[in-house]
Structures are given as C-alpha cells and as structure tokens.
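Below are the chains, spelled out letter by letter.
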Amino acid sequence: MLLNIDIALIIEKLALIVIVVMSSLVIAMYATFMERKVAASLQDRRGPNRAGPFGLLQPLADGLKLFFKEEIIPNFSSKFLFILGPCLAMLTAMMTGAVIPWGDKVHFFDRDISLQIADVNIGILYVFGVVSMGVYGIMIGSWASNNKYSLMGGLRAASQIISYELAMGIALIALLMVTGTLSLKTMVGYQVDGWWNICKQPLGFLIFLICVFAECNRTPFDLAEAENELIGGYHTEYSSMKLGFYLFAEYINMFISSSVMISLFFGGYDIPFVNDAHLLEKLGTNWMALVHAGVFLIKAVMFLFFFMWVRWTIPRFRYDQLMNLGWKILIPLALINMLITGGLILLQQNHWHF
Amino acid sequence: MQALTNRVKQVDRKPMSWMERAYLPAIFKGMIITFGHMFKKRPTINYPEKTRPFSPVFRGLHILNRDEEGRENCTACGLCAVACPAEAITMEAAERKPGEENLYREEKYAAKYEINMLRCIFCGLCEEACPKDAIYLSETFAPANYQRKGFIYGKEDLLIPHPITEKEAYEKAKGGRVSVR
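Residues numbered from 1 in each chain as written. Chains lettered and ligands numbered in written order. Predicted model: local features only at pLDDT ≥ 70, side-chain atom pairs only at ≥ 80, totals over all residues. Heavy atoms only, no water.

Draft legend 1. Summary view of the state of the cysteines. Residues and elements named next belong to chain B. With the rule as written, the count across this model stands at zero disulfides over all chains. In this structure C77 is not part of a disulfide, and its nearest cysteine sulfur, from C130, lies 6.1 Å away. With no disulfide of its own, C123 lies 6.0 Å from the sulfur of C84, the closest cysteine sulfur. (Disulfide = S-S within 2.5 Å.)

Set out below in structure tokens:
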C-alpha cells in the first residue's frame with residue numbers, strides 16, 4: 001500500500017489542522033494588538049490600554065466591532081466575487097501553514113505524531129503556489145468593488161507580488177542548491193544538526209526578506225492600500241468583517257511567512273547553541289516537542305516584531321521605485337547570488353581544485 | 001551671493017556615494033533610532049486617571065460664589081451681562097425677604113441666573129466686571145451634553161456648594177485658586 005491511511009491518522013491530522021488554524025487565528029488576533037502596542041511605543045505613545053488589563057482584550061473588542069458593523073455591498077458590484085475576495089485572501093493565508101514543521105514529533109498512544117500537517121516533498125513549492133494564489137483575493141476583491149481606485153490598488157498589488165515572486169524564487173534556488181531538498185522538514189533537519197542556512201546564504205536571506213515584505217503587502221511596500229493616493233486601495237469599498245478578513249489575512253500572512261523564513265533560514269524549531277540530541281534524552285519526546293514549539297513561537301514573535309519595527313521606521317516606496325528595486329536590483333542580485341553559490345558548490349564537489 | 005544671516009546652510013548637491021545608494025545602511029540607522037524610542041519616557045498623560053494641572057490663567061466653567069457663611073454673593077446687578085461680549089448671560093433679580101438673610105448677602109439677589117455655554121467664549125470679562133466677586137471662572141472643562149438645552153446652565157449648575165453644610169464638595173469646587181473673601 002502506497003499511502004498508509006487509517007482512521008487514527010485522519011484523526012491526528014484533523015486535530016493538528018484545527019490546532020494550527022486556531023492558533024494562527026489567535027496569533028494573528030494578538031498580532032494586531034502587538035502592532036498597535038509596538039507602533040505606540042516606537043512613537044512614544046501608550047497604545048490600547050482600556051479593554052482589560054494592559055488592553056489585552058482589545059482584539060476581542062475590535063472583532064466584536066467588526067462583526068456588528070453594517071455590511072455594505074455596493075450596488076454595482078459583482079456580489080459573488082465581492083464576497084469571494086476576502087474569503088480567498090483568508091483561505092490562502094491559512095493554507096500555507098500546512099507544510100510548516102512546528103516541531104519534531106510527539107508520542108501519544110503508541111504513535112509518533114509528526115507536528116507537521118503534511119510533509120510533502122515539494123513543501124516550499126507548495127508554499128509558493130499558495131502564496132501566489134493570495135493575490136487573487138486582492139485582485140478579485142478590488143475588481144468586484146467596481147471602483148477605479150480599488151482596481152488601481154489591486155493592480156498595484158498584483159504587479160508588485162508578481163515582480164517580487166521572481167526574485168524570491170531565484171533567491172530560494174540558491175538555498176535549494178545548498179540544502180539539496182524541497183521538503184521543509186528535511187531542510188529544518190539539516191539545520192538542527194549543522195549551521196543555520198542564514199550563515200550559508202546571507203545575501204539570499206536579505207533578498208528573500210525584502211520579497212516577503214513585498215508579498216505580504218507590508219510597509220514599505222504597501223502600495224496596494226496607499227490611502228493618500230488611492231483613498232483606501234483595494235479594500236476601499238469593504239466594510240465590517242469583510243474588511244476585517246482582509247486585514248486579518250495580512251496578519252496571518254505575516255505570521256506564516258515569518259514561519260517560512262524561520263524554517264528556511266533560522267533553523268525552524270532548532271534551539272540555538274543547544275545540542276538538541278542531548279536535551280531530547282533528558283526531557284523525552286513530548287516535552288521536547290513543547291520546547292521546540294515554544295522556541296519556534298519565540299522566533300516567530302521576534303520576526304513579527306521585526307515586521308512592525310520596519311513598518312514604523314521606513315516610509316512607503318513610490319511605485320516606480322518599487323518596480324526598479326524589484327526588477328533592476330533584486331532580480332540581478334538574486335541571479336548573481338545563485339551564480340556564486342553554484343560556483344562554490346561546484347568547487348566544493350571537486351574538492352576545491354581550481 | 002552674500003548670505004543675509006549666518007544661519008544659511010548650503011545644500012549638498014554632490015551625487016550619493018555607493019553606501020548611500022545601497023540604502024540599507026540608512027534603513028539600519030533609522031531602525032536604531034526608532035528602537036531607541038521604545039525606552040523613552042512617554043509624555044502621554046493617562047487622562048481619566050490623571051489630569052494635567054492647568055495653567056494659573058486657565059478659564060474654565062463659571063461658578064457663582066458664596067461667602068464663608070454660605071450666602072450668595074451675587075446681587076443681580078447685571079454688570080456681567082453687560083460686559084459679556086457674547087451676550088451669554090441672562091438674569092432676573094428679586095428682593096430678599098425677611099428671614100432670608102442667611103441665603104443672600106445683599107438685599108437684592110439673582111432669582112434666575114443663566115449662562116448659555118454654547119455662546120460663552122470664556123473670555124473672563126464677567127469675572128472682571130463683577131463688583132461683588134460673585135462670578136469666577138474655575139478650572140474645569142465644559143462637559144459634553146446630548147441636547148442644546150443642556151448647555152444652558154442655570155443657578156443649580158453654577159452655584160458653588162455650601163461651604164458649611166457641604167464642606168468637601170465646596171473645597172473641590174473651589175479648587176486651587178478661587179479666593180473667597
């Protein structure tokens with residue numbers, strides 16, 4: 001039998017899916033809170049502090065507000081697509097989490113349960129596929145609004161994401177040449193035993209990072225929602241929870257892309273400066289999985305903070321600057337990076353004979 | 001060209017160096033600056049819990065004063081209404097009856113005293129015009145209201161609490177600076 005599927009496997013995967021979806025929703029919720037708090041503290045303000053202790057209930061209040069606001073669907077819009085847009089944005093944001101290894105494995109009921117929903121051997125390609133689907137949510141939403149400003153915002157988002165996907169892919173090819181695998185789990189495994197990929201591919205990481213910022217529509221690349229030129233960008237016509245979905249999808253995207261970056265370049269769930277094999281003997285599988293997941297979460301929160309830190313530091317790019325950076329700088333740089341990496345690997349395989 | 005002042009700064013027009021064009025060092029510098037702001041003291045004042053002390057010349061809501069025995073100072077002379085540039089003050093005078101000496105200081109008093117807070121510009125001329133030190137501008141804000149008629153403050157809104165029977169409220173209303181003779 002090629003696929004070893006039984007009821008227990010289905011149950012464990014379902015449980016894992018529910019956990020991952022729920023936790024990424026909660027993390028995205030509190031990322032909105034964190035964003036406001038970080039923004040406040042970077043600007044010498046206090047940020048939300050009314051709802052609950054330290055304002056911790058603020059995301060709930062925001063959610064309630066969004067749910068109870070009036071839903072407006074413009075008369076001339078295509079209603080089906082108008083509703084489909086935010087759904088797609090949310091869906092694609094959630095789907096990427098499927099291939100990220102959140103930890104090694106846990107041991108329950110005589111079964112080793114891998115803390116990864118699907119260990120597909122083309123993991124990173126799957127991520128790319130789903131991420132590039134994300135632009136459909138924005139495009140469809142902006143087109144269905146039947147508003148020129150929304151459409152312009154959508155167009156910007158689409159062209160931006162497509163341009164930056166190229167550089168991102170090429171930067172990743174260099175990494176794939178180093179690791180020799182597409183599976184995220186295997187990639188993390190290599191990093192647990194050896195060096196983190198950031199040490200091997202610093203330039204590649206930089207390019208990847210910039211492209212991730214552009215893919216997530218985060219500042220300085222948030223031209224799709226440049227409110228001073230485009231009113232509100234692609235979500236001008238959206239209100240209540242449909243707008244909430246778009247904004248929420250952005251935060252889930254941020255979290256997921258941080259997770260992808262961690263898995264690719266920062267050793268995934270690896271604990272830095274600690275020999276994981278020794279620790280595993282001391283703690284046992286299940287506790288080790290918990291520690292791993294915690295370390296992963298800490299890294300993710302650090303990345304989220306980085307996203308916000310950049311957002312409140314750098315002003316937004318102009319559109320032509322954005323395109324210049326993407327096509328004329330990042331893609332050639334990524335190509336050069338790929339060439340150099342290829343050359344070095346070739347030399348290494350020939351035992352450094354010149 | 002000769003500069004008019006010594007504050008002139010020459011604009012640097014030489015092309016950017018390679019490091020400047022790389023843009024990333026500049027971003028890094030900026031990020032250090034913003035990170036430093038995380039640890040700075042916030043100038044925010046947590047408003048409902050803490051209030052900022054007003055300047056001694058602040059002119060807030062009006063109060064009608066009483067003397068130390070709790071008698072109303074106002075004699076309804078109308079000078080404040082005359083002095084008011086926005087014509088916000090209206091009043092009706094009445095004569096003190098025997099047995100009301102503990103209520104009103106002089107023989108005449110204001111039976112009705114109204115200030116329309118929508119018209120009032122808080123210039124303080126009423127305070128200056130008053131010969132009896134009866135009207136003062138306190139250090140409180142004009143609060144919000146749901147209806148226009150809520151902004152027409154009558155005597156019950158303006159009169160300061162009784163200094164003997166409601167000592168605490170009186171002290172609070174008096175605040176830091178209203179002097180009572």
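Having seen the model, we can carry on.
Draft legend 2. A nonpolar patch on the surface, seen in detail. All names here are of chain A. Side chains of I336, L339, I340, L344 and W352 sit close together on the surface and give an oily, nonpolar patch of about 530 Å² of accessible area. Looking at where I336 falls in the secondary structure, it is placed in helix 13 (residues 319-349). Since its relative accessible area comes to 45%, I336 is described here as partly exposed. (Patch = residues over 30% accessible without salt bridge, like charges linked within 9 Å, V, L, I, M, F, W, Y side chains within 5 Å. Areas by Shrake-Rupley, 256 points an atom, 1.4 Å probe, with all protein chains shown as cover. Salt bridge = Lys/Arg side-chain N within 4 Å of Asp/Glu carboxyl O. Helix = DSSP H or I, 4+ residues; strand = E, 2+ residues; numbered from the N terminus. Buried < 20%, exposed > 50% of the residue type's maximum accessible area, 1.4 Å probe, protein only.)

Draft legend 3. Structural context of the interface of chain A and chain B. Contacts between chain A and chain B engage 16 residues on the former and 16 residues on the latter. Summed over both partners, the interface of chain A with chain B buries about 1,500 Å², with 62% contributed by carbon and sulfur atoms. For chain A, the biggest contributors to the area lost against chain B are A:D44, A:R46 and A:W309; these three give 37% of the whole. Put simply, chain A and chain B have zero salt bridges between them. (Contact = heavy atoms within 4.5 Å. Buried area = accessible area lost by both parts, 1.4 Å probe.)

Draft legend 4. Inspection of the side chain of A:E165 at higher detail. Residue and element names in this part refer to chain A. Locating E165 in the fold gives a position in helix 5 (residues 148-179). Nearest to the buried, unbridged E165 among oppositely charged side chains is R218, at 16 Å. Looking at E165, its side chain comes within polar contact range of the side chain of S132, at 3.4 Å. With sequence-adjacent residues up to four places away left out, E165 is seen in contact with F128, V131, S132 and E215. (Lys, Arg positive; Asp, Glu negative; His and termini not counted. Polar contact = N/O pair within 3.5 Å; in protein donor to acceptor, adjacent residues only side chain to side chain.)

Draft legend 5. Inspection of the nonpolar core at higher detail. In terms of nonpolar packing, the biggest core is built from 89 residues, with A:I124, A:Y164, A:F208, A:F221 and A:L264 touching the most fellow members. With 14 residues, helix 10 (residues 240-265) of chain A is the largest single contributor of residues to this core. Residues within four places of A:L264 in sequence aside, it is in contact with A:I124, A:L172, A:L175, A:L184, A:M187, A:Q191, A:N197 and A:F208. Core analysis: the next-biggest nonpolar cluster, separate from the first, contains 22 residues, B:A134, B:I135, B:F151 and B:Y153 among them. (Core = buried A, V, L, I, M, F, W, Y, C linked by side-chain atoms within 4.5 Å.)

Draft legend 6. Here's a closer look at the sheet that holds strand 2 (residues 89-95) of chain B. All names here are of chain B. The sheet built from three strands is open, its strands ordered 2-3-5 with antiparallel pairing. Taken across any chain shown, the strands that pair with only one partner, and hence form the sheet edges, are strand 2 and strand 5 (152-153). Note that strand 2 and strand 3 (residues 108-116) share seven bridges and pair antiparallel. Paired with I89 across the strands is I115, a residue of strand 3. (Pairing = 2+ DSSP bridges.)

Draft legend 7. Layout of helix 8 (residues 202-215) of chain A. All names here are of chain A. For helix 8, spanning 14 residues, the distance from its first C-alpha to its last is 20 Å, which sits close to the expected 20 Å at 1.5 Å a residue. For helix 8, the buried fraction is high: eleven of the 14 residues fall into the buried class. Taken as a whole, helix 8 has its buried residues at G204, F205, I207, F208, L209, I210, C211, V212, F213, A214 and E215. Positive phi shows up at N217, right after helix 8, with a value of about 60 degrees. (Expected span 1.5 Å × (residues − 1).)

Draft legend 8. Here's a closer look at the packing of helix 6 (residues 184-193) of chain A against helix 10 of chain A. All names here are of chain A. As a packed pair, helix 6 and helix 10 sit with axes 7 Å apart at the nearest point and diverge in direction by 50 degrees. In this view, helix 6 runs oblique relative to helix 10, as classed from their interaxial angle. Where helix 6 abuts helix 10, its residues L184, M187, V188 and Q191 lie against S263, L264 and F265. Across the contact of helix 6 with helix 10, the residue classes tally to five nonpolar, two polar and no charged. (Axes fitted to C-alpha atoms, helices over the stretch in contact; angles between N-to-C directions. Parallel < 35°, antiparallel > 145°, perpendicular 65-115°, else oblique. Nonpolar A, V, L, I, M, F, W, Y, C, P; charged D, E, K, R; others polar.)

Draft legend 9. Region of interest: the pattern of salt bridges. Residues and elements named next belong to chain A. One pass over the structure, following the stated rule, counts 14 salt bridges over all chains. Residue E71 pairs with K242 through a salt bridge whose shortest N-O separation is 2.5 Å. Separated by 171 residues along the polypeptide, E71 in the loop between helix 2 (58-68) and helix 3 (79-95) and K242 in helix 10 bring together distant segments of the chain. Assessed through its relative accessible area of 9%, K242 is described here as buried. By sharing partners, the salt bridges in this structure join E35, R218, E250 and R311 into a single network.

Draft legend 10. The arrangement of unusual backbone geometry in detail. Residue A:N217 is not a glycine yet carries a positive backbone phi of 60 degrees. For A:N217, a relative accessible area of 5% translates into the label buried. The phi dihedral of B:E87 is positive, around 55 degrees, even though this residue is not glycine. Mapping B:E87 onto the fold places it in the loop between helix 3 (79-83) and strand 2. For B:E87, a relative accessible area of 61% corresponds to the exposed category.

None of this, on its own, says anything about what the molecule does.
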